[in-house]
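Coordinate inspection notes
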Amino acid sequence: SSVVAEAAQSLHIPLIDLRLSQIEPVDLRGIPTVDKKGYTDFARSKLLPSEEIHGPEGILFLDEITSGDLSMQAAGYQLINDRKLGDHCLPDGWLIIAASNREEDRGIVNRMVAPLANRFTHLQYDLDLKDWTVWAASAGINPLVVGFLNFRPNYLHAFNPDRGAEMAFPSPRSWEAVSNWVDLGVDPEDELELVLGAVGTEAGTEFTGYRRVASELPDISD
């Protein structure tokens, strides 16, 4: 989700982010109406890009595409394959991108039905520490967090679907939260609880020990 948003920002084009788990088919197709001749028509939805409202180019991002009801996947057939829904056509400059968690991630995920899956080019994204480090430097992530993860790269993302009762686990998102707690300069005891609550006991404990050692190192300029 963040990658798509940053891509749109860097290209200076609009982004329409549709969370398919939060809408219904009628939200895309539009409400049925009757025209002056008595024929059924559909009111155009402002959720979909139109050149007069959103501009000639942009990104239509269908996030959480497999988290919605199966009827939402069916509603996407024509939109994704023909770039139109009913009488509403997408402007030529608009790109459709979708994203979802995998089934093994234990999220709220329905299997993507075959006709919809066949309409996409599928890319699996893996984390790369070097790429994340470059991003972290530009995003203002606290250097202690960056240093720790370069010291213990296995903690950049350590999701275990059988983690039991512990809710927190290390991920780029949760390490960004840790960076925010460190930057706030809260009381050390409170910070420990926040760090453990963000990345879990194992990674949080190691980070706390790393930070303690780092704070005792001499100043490099000295």
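Here's what I pulled together on the structure shown here.

How each quantity is defined
Residues numbered from 1 in each chain as written. Predicted model: local features only at pLDDT ≥ 70, side-chain atom pairs only at ≥ 80, totals over all residues. Heavy atoms only, no water. Core = buried A, V, L, I, M, F, W, Y, C linked by side-chain atoms within 4.5 Å. Buried < 20%, exposed > 50% of the residue type's maximum accessible area, 1.4 Å probe, protein only. Helix = DSSP H or I, 4+ residues; strand = E, 2+ residues; numbered from the N terminus. Contact = heavy atoms within 4.5 Å. Axes fitted to C-alpha atoms, helices over the stretch in contact; angles between N-to-C directions. Parallel < 35°, antiparallel > 145°, perpendicular 65-115°, else oblique. Left-handed = near helix turned anticlockwise from the far one by under 90°. Nonpolar A, V, L, I, M, F, W, Y, C, P; charged D, E, K, R; others polar. Phe/Tyr/Trp six-rings, centres within 6.5 Å; stacked < 30°, edge-to-face > 60°. Salt bridge = Lys/Arg side-chain N within 4 Å of Asp/Glu carboxyl O. Pairing = 2+ DSSP bridges.

A word on the nonpolar core
- Judged by nonpolar contacts, the single largest core of 18 residues is most densely connected at Leu18, Leu60 and Leu62.
- Listing elements by their share of this core, those giving two or more residues are strand 1 (15-19), strand 4 (57-63), helix 4 (70-82) and strand 7 (93-98).
- For this core, the element with the highest residue contribution is helix 4, accounting for three residues.
- Sequence-distant contacts of leucine 62, defined by excluding residues within four places in its chain, comprise Leu18, Leu20, Ile80, Ile96, Ile97, Ala98 and Ala99.
- In terms of nonpolar packing, the next biggest core, distinct from the first, is built from 17 residues, Ala136, Phe148, Leu149 and Val182 among them.

Quick look at the packing of helix 8 (residues 172-184) against helix 10 (residues 201-215)
- With their axes 13 Å apart at the nearest point, helix 8 and helix 10 run at an angle of 40 degrees to one another. When the axes of helix 8 and helix 10 are compared, the pair comes out oblique. Like other packed secondary-structure pairs, helix 8 and helix 10 cross with a definite hand, here right-handed. Touching Trp175, Val178 and Val182 of helix 8 are Ala203, Phe207 and Arg211, all from helix 10.
- Class assignment of the residues belonging to the contact of helix 8 with helix 10 gives a composition of five nonpolar, no polar and one charged.

Details of the packing of aromatic side chains
- Under the counting rule described, the total for this entry stands at eight aromatic pairs.
- These aromatic residues form a ring-pair network of at least three members: Phe148, Phe151, Tyr155, Trp175, Phe207 and Tyr210.

Quick notes on the pattern of salt bridges
- Enumeration according to the criterion identifies five salt bridges in this entry.
- Across the salt bridge formed by arginine 19 and aspartate 63, the nearest N and O atoms sit 3.2 Å from each other. Pair noted here: arginine 19 is in strand 1 and aspartate 63 is in strand 4, with a separation of 44 residues, a long-range link.
- For arginine 19, a relative accessible area of 27% gives the class partly exposed.

Considering unusual backbone geometry
- Despite not being glycine, histidine 12 has its phi angle at roughly 60 degrees, a positive value.
- In the Ramachandran plot, glutamate 64 falls in the positive-phi region, its phi being about 55 degrees despite a non-glycine side chain.
- Looking at the secondary structure, you find glutamate 64 in the loop between strand 4 and helix 4.
- Residue glutamate 64 is classed as partly exposed on the basis of its relative accessible area of 24%.

Here we look at the sheet that holds strand 1
- Overall, parallel pairing links the three strands, which are arranged 1-4-7 in an open sheet. Of all the strands in the sheet, the pair left with one neighbour each is strand 1 and strand 7. Neighbour to neighbour, the strand axes of the sheet diverge by 15 degrees on average, direction disregarded.
- Inspection of the sheet shows strand 1 paired to strand 4 by five bridges, in the parallel sense. Residue pairing for strand 4: leucine 18 is matched across the bridge by leucine 62.

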